[in-house]
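# Observations on the three-dimensional arrangement
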Amino acid sequence: MQDIVKILRIIGNEVRMQIIKLLYNEGELSYGELMQKIGIARDKSGKFGYHLRQLIDNRIIEIDRNTGKYRLTDLGFKIFDLFKEFRESYLALQSRDMLVSTSKYVMEYFDKNKIIDSLVRETGIKKSLAKEVAVDVEEKLKNANLRYVSTNLIRELVIATLLEKGCEEYIKKYSRYGLPVYDVKNIFESYDLVRPYTPNVLLRILGRSIIEAYTMSQLIPPSALVAHLNGYIHIANSSDWFIGVEDIRHDLCLCLSKENFMGNKFFPEIIIPAPKNFREALFSMYITLNYFKDYYCISQIIENFNFILSPFISKGDQGKVSLELLYFTKMLNINNLSYRNYRPIALACAFSLPKEYEDIKIKYKNTGLFSFVDYMDEALLLAKTLLNVLANINSKYPSKTPIVVLKVNDRVLRDDDLLSTIYKALTSRVPITLVKEENYVSTSSEGIQLEKPKEIPILPAYGIISSIAVNLPLIMLESHTEEKFFDKIYNVADSVALAFNSKHSFIKDIVAKRRLKPLTEYILKGDYYYRWEYSRYLISFIGVYFTAFLLAGNDNKDHIISTARKLVKELIKVFRDAVKNEEYTVEFSFMCNDRNFVRVVSIIRNVLRKKNIPIKNLEQYFSPLTLMPYNIAESLEEYLKIYHSEPFRELKGGVFLRVDPIYFTKDDLVTLLDYLLKYERPLMLSLDYTYCPRCRIILDGFHQFCPKCLAMIPMGAHFSRVFSVYEPITYVHSFYRDEYLSRKNI
């Protein structure tokens, strides 16, 4: 008994117990290592030596004769094992009345075994180490003398304990994702049931913040994540990176010809019946667009809208067709009540028979076997009617009407009535994207063109899967020399390839398992509706001109443009080589339509400030929406000629033009269409306007006061097409707004 009392007296000192614990967990340690880990100052080494001597004299520790380090004896190990058992039993008694609020919002008594189980399950940690962590957490909670705790607090304490034990590899797997309370509070305080949010929008904002955190920490490769956080690249629409695609391009030509469904081949989930008339055909399109509304980031587009529907109309039904199109437009906006969260829908119209439709014959429900060439007049009539309907809507009040992609050819210039219809729609602020008609090519509302496979020219759906923007100016600013710049570019190219590889591996998995519906739904004899194998990834080179300006080292525009050409040529080669052995196809662009790209702008500004580079109006040199600043050329034709030259032609994207609504004439439209056919670059026109909510009239240009009622125009009533749709310019980030307002009117 006396020996036991003596041992208890020896280990009853806190310093001695710390020595025993360290030697138990870490094995042999030297005198200096023990002092450092326990945190004893050198001037107190004599007292520390006394504690060591007490433990040696009582055969709890010993000195290894070969290494001169201290270690536990068998008695020391047994003593600490007994101490751990006693400690666990004691803490269990102390914490048995502690209540835990679980993630399911029920109260349970604290049980450290649940910590052990969750650690092993979620991280794969050894059970013995998980038990140590759980006991330490239990002790911290007991010392805090808390009656009620939450699982959030327990998880934070577990993470802190893992950090103390140097187990960083498990922290990443055990972290909880979500917004801080302060951020959630601010979202709720700014939340409005009517505008700009709806309950679903609020849930989407909160949910996507969690998905984005998980994507960035767990799914994006580390090198790509570091490049994204540093601002060298921008992973566009990161909250949707693994749960959606950039755009979807639908061709419903074959889908409307028979009974189709989206779902399991044997147990369909959503039936799309073969339409019998124009109304049912529009409704089938609406179902399709609505079904995919949460699975794209930038836009959806219906290819060859007027030709697909042409067999359902006749020349004498123009009034009825107009009414049905009016209702169709209103239906499209049911889920897009807020400008802040509007996801564009586009309808593409062609004015000659698409090449991919020339050799096919189809039978709709109430028609015999036909070819689309038999419905050329109906297709032209439908395109004009659509433009007139949208013009009438937009001339009365601001409306989020669909974007119209017009595939222009020589016929348009020869048809004065068609020109007048297009002019009326443009000046009524219908968002129109003008593109040159090309065979086997689809164009998004932002002017991103993709070739269709000639062996399968009619795809139910395909598009851009994901995009990454490369922030060229920042890489140049931090490189100093051209050689170092390209050294970093090679590393960035590898990071981009790794990010695309991770997304592509994910896609192969979800296609195999038919997850992420409806993008993996069956349709048309068992084929997938969205054809992943023909879709593309997009790499955007942002700030080409600004980077060329930094490389050139002078203000000579010709020299800068020449440098930019060499730069783009080399960039395409580097990035193409980085993905040349991959299964997927990559396209190149100069645009990034993700509005969160502005996070990179602040990084560039900070670097410019630190390097004392005096650039006051950064938006005039650098924009994620343009390849070249608008003041680089004296005329629009000269400007478009730069875009048309090699290697700039390889970069996808359209040109946004700010048009003076007062002086823009029909002759100006003809000139623009001539340039379009000559230089082949998609054009998006913006005619600024003001809406007076009191008079309910639309005014050309920006006004502070209504000239009719003299009332002050409220915030949010000035509209522009900075991106692909018209929206209140005050809703646009100040960087994009300043860049837009700095453009010259044409």
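Above this text is the structure in question.
The rules we used
Residues numbered from 1 in each chain as written. Predicted model: local features only at pLDDT ≥ 70, side-chain atom pairs only at ≥ 80, totals over all residues. Heavy atoms only, no water. Phe/Tyr/Trp six-rings, centres within 6.5 Å; stacked < 30°, edge-to-face > 60°. Helix = DSSP H or I, 4+ residues; strand = E, 2+ residues; numbered from the N terminus. Buried < 20%, exposed > 50% of the residue type's maximum accessible area, 1.4 Å probe, protein only. Lys NZ or Arg CZ within 6 Å of the ring centre and 35° of its normal. Salt bridge = Lys/Arg side-chain N within 4 Å of Asp/Glu carboxyl O. Pairing = 2+ DSSP bridges. Axes fitted to C-alpha atoms, helices over the stretch in contact; angles between N-to-C directions. Parallel < 35°, antiparallel > 145°, perpendicular 65-115°, else oblique. Left-handed = near helix turned anticlockwise from the far one by under 90°. Contact = heavy atoms within 4.5 Å. Nonpolar A, V, L, I, M, F, W, Y, C, P; charged D, E, K, R; others polar. Expected span 1.5 Å × (residues − 1). Lys, Arg positive; Asp, Glu negative; His and termini not counted. Polar contact = N/O pair within 3.5 Å; in protein donor to acceptor, adjacent residues only side chain to side chain.

## A closer look at the packing of aromatic side chains
A complete count under the given rule lists 33 aromatic pairs for this structure. Both rings, one in F242 and one in F506, keep their centres 5.0 Å apart while their planes meet at 80°; by these two values the pair is edge-to-face. A residue pair is termed long-range when its members are at least 10 positions apart, and F242 in the loop between β6 (233–235) and β7 (245–250) and F506 in helix α20 (residues 482–513) qualify at 264 residues. Judged by its relative accessible area of 5%, F242 is buried. A ring pair is formed by Y364 and F370, whose centres lie 5.2 Å apart and whose planes are at 70°; its orientation type is edge-to-face. The cationic tip of K503 hangs over the ring face of W241; the distance from NZ or CZ to the ring centre is 5.2 Å. Positioned above the aromatic ring of F723 is the side chain of R595, whose terminal nitrogen or guanidinium carbon lies 4.0 Å from the ring centre.

## Details of the environment of N439
Relative to the assigned elements, N439 resides in the loop between β15 (432–436) and β16 (441–443). Each C-alpha atom, one on N439 and one on E451, is 8.5 Å from the other, the two residues being 12 residues apart in sequence.

## Some points on the pattern of salt bridges
For the structure on display, the rule yields 33 salt bridges. A salt bridge links E62 to R71; its shortest N-O distance comes to 3.0 Å. With relative accessibility at 31%, the residue E62 sits in the partly exposed group. On the accessibility criterion, R71 (30% relative accessible area) is partly exposed. As a salt-bridge pair, K384 and D415 come within 3.9 Å of each other at their nearest N and O atoms.

## Looking at the sheet that holds β6
Reading across the sheet, the five strands line up as β6-β19-β22-β23-β24 and stay open at both edges, with mixed pairing between neighbours. If you trace the sheet from one side to the other, it starts and ends with β6 and β24 (651–652), each paired once. By the bridge criterion, three bridges tie β6 to strand β19 (residues 464–471) in an arrangement that is antiparallel. Following the sheet pairing, H234 is matched in β19 by A469.

## A closer look at the packing of helix α13 (residues 278–291) against helix α15 (residues 318–332)
In the contact formed by α13 and α15, the axes pass within 10 Å of each other and the chain directions differ by 15°. One way to sum up the angle between α13 and α15 is to call them roughly parallel. With respect to the hand of their crossing, α13 and α15 are arranged in right-handed fashion. On α15, the residues that touch F278, R279, L282, F283, M285, Y286 and L289 of α13 are V321, E324, L325, F328, M331 and L332. Considered class by class, the residues forming the contact of α13 with α15 number 11 nonpolar, no polar and two charged.

## What about helix α7 (residues 127–143)?
Taking 1.5 Å as the rise per residue, α7 with 17 residues should run 24 Å; its terminal C-alpha atoms sit 24 Å apart, in good agreement. Buried residues of α7: A130, V133, A134, V135, D136, V137, E138 and L141, and no others. Of the residues flanking the end of α7, it is N145, one or two places downstream, whose phi is positive at about 55°.

## Regarding the sheet that holds strand β29 (residues 718–720)
One open sheet holds the four strands; their spatial order is β28-β27-β29-β30, and the pairing between them is antiparallel. Pairing within the sheet leaves two strands with one partner each, and these edge strands are β28 (697–700) and β30 (727–728). As judged from the four bridges shared by strand β27 (residues 689–692) and β28, these two strands associate in the antiparallel manner. Bridge assignment links T690 to a residue of β28, and that residue is L699.

## Looking at the side chain of E246
Within the secondary structure, E246 is located in strand β7. Of the side chains with opposite charge, K503 comes closest to the buried, unpaired E246, at an N-O distance of 7.4 Å. Separated by 3.4 Å, the side chains of E246 and S467 make a polar contact. Excluding anything up to four places from it in sequence, E246 contacts A236, N237, Y296, C297, I298, S299, I464, I465, S466 and S467.

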